[in-house]
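Working through the structure, step by step
Listed below, chain by chain, are the residues.
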Amino acid sequence: MSAFLIASVVQGAAILFDEFVFHRRRGLPRWERIGHPIDTLSVIACLLFLTFVDRTPTTEVVYYVMAIGSCILVTKDEWIHRKYCSAEEMWLHAVLFIMHPLVLFTGMAEWEDNRPLFLAVAGGVFVFFVYQIVYWNFVEAQARKAKQKAHYARVRQEELYEYFSE
């Protein structure tokens, strides 16, 4: 079995757990709603590069730069995550930081052998990318606005009740 596939499945499961347990529990501030899809896009770029570019000494260097850049990019939020995330979520992020380079560099090791697999995984990651943008920036944002509006309406109603009850 492909080491790339195993690493991708483990990373995918960890990301989905982070998304559907931790992110849904705490919500995402704007900087994460923008930053997380950028992280995802960096992975897609690496996988598409492996899929469509022939391996040469020059393209290997280009891929190294892309993969290292992606690995650094995904750590960009950790300075502020410590203020928003639980210890459990931070631990899961550490697991993801281990898996991220494993996926990218096992992919490089299998560059010539698994191009259809890279494309399939990139397709799955692309679906997650679209979900991140649509859910967090439209669906959840509208739900959050409706919840805030209902809260403010309730607060105003309570204030009026207190005002007239005196």
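A few points on the structure. (Residues numbered from 1 in each chain as written. Predicted model: local features only at pLDDT ≥ 70, side-chain atom pairs only at ≥ 80, totals over all residues. Heavy atoms only, no water.)

Considering the packing of aromatic side chains
By the definition in use, this model includes 12 aromatic pairs. Between phenylalanine 20 and tyrosine 131, the ring centres sit 5.5 Å apart and the planes meet at 35 degrees, which makes this aromatic pair tilted. Of this pair, phenylalanine 20 sits in helix α1 (residues 3-26) while tyrosine 131 sits in helix α6 (residues 115-165); the two residues are 111 residues apart in sequence, bridging distant segments of the chain. Taking relative accessible area as the criterion, tyrosine 131 reaches 18% and is therefore assigned buried. Both rings, one in tyrosine 131 and one in tyrosine 135, keep their centres 5.5 Å apart while their planes meet at 15 degrees; by these two values the pair is stacked. Of the two residues, tyrosine 131 and tyrosine 135 are both situated in helix α6; the distance of 4 residues between them amounts to about one turn of the helix. An aromatic cluster of three or more residues is present, and its members are Phe20, Phe128, Tyr131, Tyr135 and Trp136. Directly above the aromatic system of tyrosine 135 lies the positively charged group of arginine 24, at a separation of 4.0 Å from the ring centroid. (Phe/Tyr/Trp six-rings, centres within 6.5 Å; stacked < 30°, edge-to-face > 60°. Helix = DSSP H or I, 4+ residues; strand = E, 2+ residues; numbered from the N terminus. Buried < 20%, exposed > 50% of the residue type's maximum accessible area, 1.4 Å probe, protein only. Lys NZ or Arg CZ within 6 Å of the ring centre and 35° of its normal.)

Some points on the nonpolar core
Counting residues in hydrophobic clusters, the biggest one holds 22 residues, and the most contacted among them are Phe4, Leu47, Tyr63, Leu104, Trp111, Val121 and Val125. At the level of elements, α1, α2 (30-52), α3 (57-73), α5 (87-109) and α6 are the ones that each hand at least two residues to this core. Not counting residues up to four positions away in its chain, the partners in contact with tyrosine 63 are Cys46, Phe49, Leu50, Leu104, Met108 and Trp111. (Core = buried A, V, L, I, M, F, W, Y, C linked by side-chain atoms within 4.5 Å. Contact = heavy atoms within 4.5 Å.)

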